[in-house]
Structures are given as C-alpha cells and as structure tokens.
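Listed below are the residues making up each chain.
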Amino acid sequence: FLPENVPDIIETGVNENEYYFDIPYYGDSKNYFQLLKTSSKETCEIAIQKLFEIIRKLQKIRFGSVNGSLSLYANEEIIVILSNAYKDLEKNLTGDDLDILPTLSNKIDKGINYLRKKKKILERIKIDETLTHGNLTLENIIYDAKRERPVLIDPYAETYSESILGDISQLMQSSMSGYEMIMEIGENQIDLKKPPKIDNSVGINTLNRKLMDYRASLSKDKKFILKVFYAGQFVRMFPFKIRKTPKLAAFFLNHALDILASE
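What counts and how
- Residues numbered from 1 in each chain as written.
- Predicted model: local features only at pLDDT ≥ 70, side-chain atom pairs only at ≥ 80, totals over all residues.
- Heavy atoms only, no water.
- Phe/Tyr/Trp six-rings, centres within 6.5 Å; stacked < 30°, edge-to-face > 60°.
- Helix = DSSP H or I, 4+ residues; strand = E, 2+ residues; numbered from the N terminus.
- Buried < 20%, exposed > 50% of the residue type's maximum accessible area, 1.4 Å probe, protein only.
- Lys NZ or Arg CZ within 6 Å of the ring centre and 35° of its normal.
- Patch = residues over 30% accessible without salt bridge, like charges linked within 9 Å, V, L, I, M, F, W, Y side chains within 5 Å.
- Areas by Shrake-Rupley, 256 points an atom, 1.4 Å probe, with all protein chains shown as cover.
- Salt bridge = Lys/Arg side-chain N within 4 Å of Asp/Glu carboxyl O.
- Pairing = 2+ DSSP bridges.
- Core = buried A, V, L, I, M, F, W, Y, C linked by side-chain atoms within 4.5 Å.
- Contact = heavy atoms within 4.5 Å.
- Axes fitted to C-alpha atoms, helices over the stretch in contact; angles between N-to-C directions.
- Expected span 1.5 Å × (residues − 1).
- Arc of directions from axis to C-beta.
- Parallel < 35°, antiparallel > 145°, perpendicular 65-115°, else oblique.
- Left-handed = near helix turned anticlockwise from the far one by under 90°.
- Nonpolar A, V, L, I, M, F, W, Y, C, P; charged D, E, K, R; others polar.

(A) Main features of the packing of aromatic side chains. Tallying each qualifying case throughout the model produces seven aromatic pairs. Taking 4.9 Å as the distance between ring centres and 80° as the angle between the ring planes, the aromatic pair formed by Y73 and F229 counts as edge-to-face. Here Y73 is found in helix α3 (residues 69-92), whereas its partner F229 is found in helix α9 (residues 220-235), with 156 residues between them in sequence. Judged on exposure class, the residue Y73 and its partner F229 are both buried. Here Y230 and F234 contribute two aromatic rings whose centre-to-centre distance is 6.2 Å and whose plane-to-plane angle is 55°, an arrangement assigned as tilted. Pair noted here: Y230 and F234 are both in helix α9, with a separation of four residues, about one helical turn. Per residue, the accessibility class of Y230 equals that of F234, and both read buried. For K210, the ring lying beneath its charged end belongs to F52, and the centroid distance is 5.1 Å.

In structure tokens:
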C-alpha cells in the first residue's frame, strides 16, 4: 500500500531467541525526532507535510466500522493496569518519591471511575478501522534525506482498535508530551514533584500545532476516542517501566491520568 514509504526487507531470520529482519541503511538520514530537533523550520514543515500525506493514505484504506473495540481497549490497556498500579508503585518507588503516592492514588481512582462512567459511550462508539502503523512514534519514522521522503519502520499490529486516531495519539505522545525528550533526561534526573524543563525546537512546535489543528477538526466522538488512545499510550507502558525505571513509570502514569481528566 505504501511502496515509497516502507523499507525493503533484505533478510529475515532468528538470532538465538530473537526474530529479526534486515532493512537498508539510510545514510545521511535522521529519524523524525532528530530531524525536528535539529533542522530548519522549512525542512521540518516539508517533512511534516509528507508525514500527513501518509496518514491520509492510511485513512483511505478502510476495513469497515466496529462497535466495542474502544471499550475493550479502555478495559484491557487502561482500567486493568490502573487497578494494579498503586501496589506496583508502592512496591517499587523509594525514599521521597513515595510522597507522590496519595496524589496518584486519588488520580487513579478518578481515572478508573471516569472510564467506568463512560462505559455505554465506549461500547456505543464505532471505530472506523483502517490500515495503521500501530507504533507511530517519531523514532519509528526515518526521513530519507536522499529521496526526501518519510520511511516507516517497526510497525506494531497488535492493537485492539485499528484506528488512525491511535497513530495520531502516538505522534502526540512523542511530540506534544515530549516522550523522547523526557527519556533523554532519564530516570535519575526526573523529579516527581515538578515537571521537567523542556525546550521545544521549532520543528517540534510546528508538529504540535499541526496535531492540535488535526484534533480541533474532529467530531466530539472522535475527540473522545483520541483522548482515550492518548492516555492509553502512557498507561500501557507502565507495567514494563515500573520495575526498571519506577520514577519514569510514575511520571508517565501521572501524565496519562491528567490527559484522562482533561476536556
């Protein structure tokens, strides 16, 4: 479907217990996080325009509409994880970081109650299923400098709802929420009592405006779908982060709950 925007597969195989596939090396190219962080406004605007052209192509490859998949996503990827989150936080946070537990406990309860109150809406809303990437973060898009085109890598086809809004929520996770930048700050530099200082580049700000315009153009139902996906991106990573990087896990969980509480 996207022959110009996906890499050729050179070889596939198994290395011990890991499956791999080899793709060409894109010399003099950057992923979109690096590109938007370091390039001129003009270059970023062109790259962003080309990315949204891909999104429009994906939207046109439709598989039909389904009821209930958003309800399943909200339950499995958010409510189930939130229900166990307090115990995991209590077990893995240490020292002064434990001071955030009362605040997080209250937010967790409110987040669960919010989604439970929306149960009928979650079950009613139809998801327009299309071709999606499934993990459309800035680091999973290479800008092929030689051909001036985006190349999508590392697709992830294991979501409950194949909605383009899921892909948009992942771009929001990377750009508007600064996921990659916060990961660069790292576990040891995160202060759970105050937000990190992030200086957005001109490229990130340009993408943020594009994403906000996209969200503003949506219907009320689709804005709600996008919000659930957006919050879900941060909740679903919690079980993987809590043991290795508990402060980052707590930080992103808190952010997810703020998203759920927003209008």
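Once you've had a look at it, read on.
(B) Structural view of a nonpolar patch on the surface. A cluster of nonpolar side chains, I9, V14, Y19 and F21, forms an exposed patch at the surface whose accessible area comes to about 450 Å². With respect to the helices and strands, Y19 occurs in strand β2 (residues 18-22).

(C) Inspection of the pairing of strand β7 (residues 149-152) at higher detail. Side chains of β7 alternate between two faces, with R149 and V151 and P150 and L152 buried alike. When strand β6 (residues 141-144) meets β7, the two strands line up antiparallel, connected through four bridges. Bridged to Y143 within β7 is P150. Two successive antiparallel strands, β6 and β7, enclose a turn made up of four residues, where E148 displays a positive phi of approximately 55°.

(D) Local environment of the nonpolar core. By size, the foremost hydrophobic cluster in this structure holds 74 residues, and its most contacted members are L70, L89, I168, L171 and L253. The dominant element in this core, judged by the number of residues it contributes, is helix α11 (residues 246-261), at ten residues.

(E) Representation of the sheet that holds β7 within the structure. Here three strands make up an open sheet; going across it, the order is β3-β6-β7 and the pairing antiparallel. Strands with a single pairing partner mark the edges of an open sheet, and in this sheet they are β3 (30-31) and β7. Across the sheet, helix α2 (residues 41-60) touches β6 and β7, and the angle it forms with β7 is around 50°.

(F) Layout of helix α4 (residues 101-117). Look at α4: 24 Å from first C-alpha to last across 17 residues, which is about the 24 Å you get at 1.5 Å a residue. Looking at α4, one finds that the buried residues are L101, L104, I108, G111, I112 and L115. On an axial view of α4, the arc spanned by its buried residues comes to 95°, and they lie on one face. Turned more than 90 degrees from where α4 packs its buried face, P102, K110 and K117 sit exposed. Among the structural elements, α3, α5 (119-124) and α11 are those in contact with the buried residues of α4.

(G) Structural context of the packing of α9 against α11. It is at 8 Å that the axes of α9 and α11 come closest, and there the two elements cross at 170°. In terms of orientation, α9 lies roughly antiparallel with respect to α11. Relative to α11, α9 is oriented so that their crossing is left-handed. Residues K227, Y230, A231, F234 and V235 of α9 form the contact with α11, whose participating residues are F252, L253, H255, A256, I259 and L260. Of the residues assigned to the contact of α9 with α11, the class counts are nine nonpolar, one polar and one charged.

(H) View of the environment of D96. Within the secondary structure, D96 is located in the loop between α3 and α4. By relative accessible area, D96 is classed as exposed at 57%. It is 9.5 Å that separates the C-alpha atoms of D96 and K193, two residues lying 97 residues apart in sequence.

(I) Main features of the pairing of β6. Side-chain alternation along β6 places I141 and Y143 on one buried face and I142 and D144 on a second face that is also buried. Pairing of β3 with β6, which is carried by two bridges, proceeds in the antiparallel orientation. Its bridge partner lying in β6, K30 is registered against Y143.

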